[in-house]
Amino acid sequence: PTKPYGAVKPYRVSGRTAIIAVQGSLVNRGAWIGSYSGMTSYEGIRHQLGYAKTDADIDSVILDVDSPGGEAIGAFETGVEVAALNKVKPVVAYVNGLACSAAYAIACRAGQIVVSPTSVVGSIGVVMMHVDQSKYMRELGVKPTFIYAGEHKVDANPFEPLSDDVKKALQADVDTLYTLFVDHVA
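Heads up: these notes are all about the structure in this document. (Residues numbered from 1 in each chain as written. Predicted model: local features only at pLDDT ≥ 70, side-chain atom pairs only at ≥ 80, totals over all residues. Heavy atoms only, no water.)

**Let's talk about the pairing of strand E2 (residues 17-27)**
The criterion, for reference: Buried residues are those whose accessible area, probed at 1.4 Å on protein chains only, stays under 20% of the maximum for their type, while exposed residues exceed 50% and partly exposed ones sit between those limits. Helix and strand assignments come from DSSP, with helices taken as H or I runs of at least 4 residues and strands as E runs of at least 2, each series counted from the N terminus. DSSP bridges decide pairing: two strands pair if at least two such bridges lie between them.
With 10 of its 11 residues buried, E2 lies for the most part within the structure. Direction of pairing for strand E1 (residues 12-14) relative to E2: antiparallel, over a ladder of three bridges. The partner of Ser 14 across the bridge, within E2, is Thr 17. Pairing analysis gives three bridges linking E2 to strand E3 (residues 39-41), with the strands arranged parallel. Across the sheet, Val 27 pairs through a bridge with Ser 41, a residue of E3.

Here it is, written out as structure tokens:
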């Protein structure tokens with residue numbers, strides 16, 4: 001990565017250790033999103049990991065983890081970057097609160113996980129939600145009409161119940177992500 005910061009690093013530094021926050025809800029995009037907003041982006045974490053990897057002033061990295069998890073998209077890729085950095089410089093995930101779901105997918109790829117006595121770690125799983133608002137819309141007298149192309153373009157929309165076929169397809173997607181998650185952790 002380029003080093004546009006001059007003397008300013010994209011992470012906190014203690015001695016020769018970079019401290020990278022993995023806090024709040026985790027989202028794929030938005031490198032500018034930081035933990036102070038209640039969210040952290042995988043894009044931003046990966047930028048910091050890449051910067052630390054080539055930063056001659058940094059000998060090790062601490063991931064400061066306190067997150068219930070977040071989006072699946074980007075979580076595994078970020079974990080892979082943690083593992084790659086750990087081959088060059090030691091990475092320790094310090095869990096001070098939560099390292100659940102996507103946050104655990106990141107932390108588990110560090111060389112070591114250190115957990116505070118009251119922390120919660122794990123929650124390996126995938127969830128997807130569909131809210132059927134069709135009855136509510138009928139009660140309001142509103143009937144959405146979809147104009148679309150593509151057989152599955154409006155599958156799982158909130159304005160009609162899920163068909164058995166769509167529910168099976170979504171379950172297959174969740175099962176695939178779960179398998180990826182378990183393999184990633186293993």
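After presenting the structure, the write-up continues.
**A word on the packing of aromatic side chains**
Under the convention used in this document: Pairing of aromatic side chains requires ring centres within 6.5 Å, counting the rings of Phe and Tyr and the six-membered ring of Trp. Pairs whose planes differ by under 30 degrees are stacked, by over 60 edge-to-face, and all others tilted.
Overall, the coordinates contain three aromatic pairs when judged by the stated rule. Taken together, a centroid distance of 5.8 Å and an interplanar angle of 75° make the contact between Tyr 11 and Tyr 51 edge-to-face. Taken together, the residues span a long stretch of sequence, with Tyr 11 in the segment before E1 and Tyr 51 in helix H1 (residues 42-54) at a distance of 40 residues.

**A closer look at H1**
The condition is simple: For a helix, the expected span equals 1.5 Å multiplied by the residue count minus one. Contacts are assigned to residue pairs that have any heavy atoms within 4.5 Å of one another.
Spanning 13 residues, H1 covers 19 Å between terminal C-alpha atoms, matching the ideal 18 Å at 1.5 Å per step. Tyr 42, Gly 44, Ile 45, Gln 48, Leu 49, Gly 50, Tyr 51 and Ala 52 are the residues of H1 that are buried. On its buried face, H1 is in contact with E2, E3, strand E4 (60-70), helix H2 (75-88) and helix H3 (102-107).

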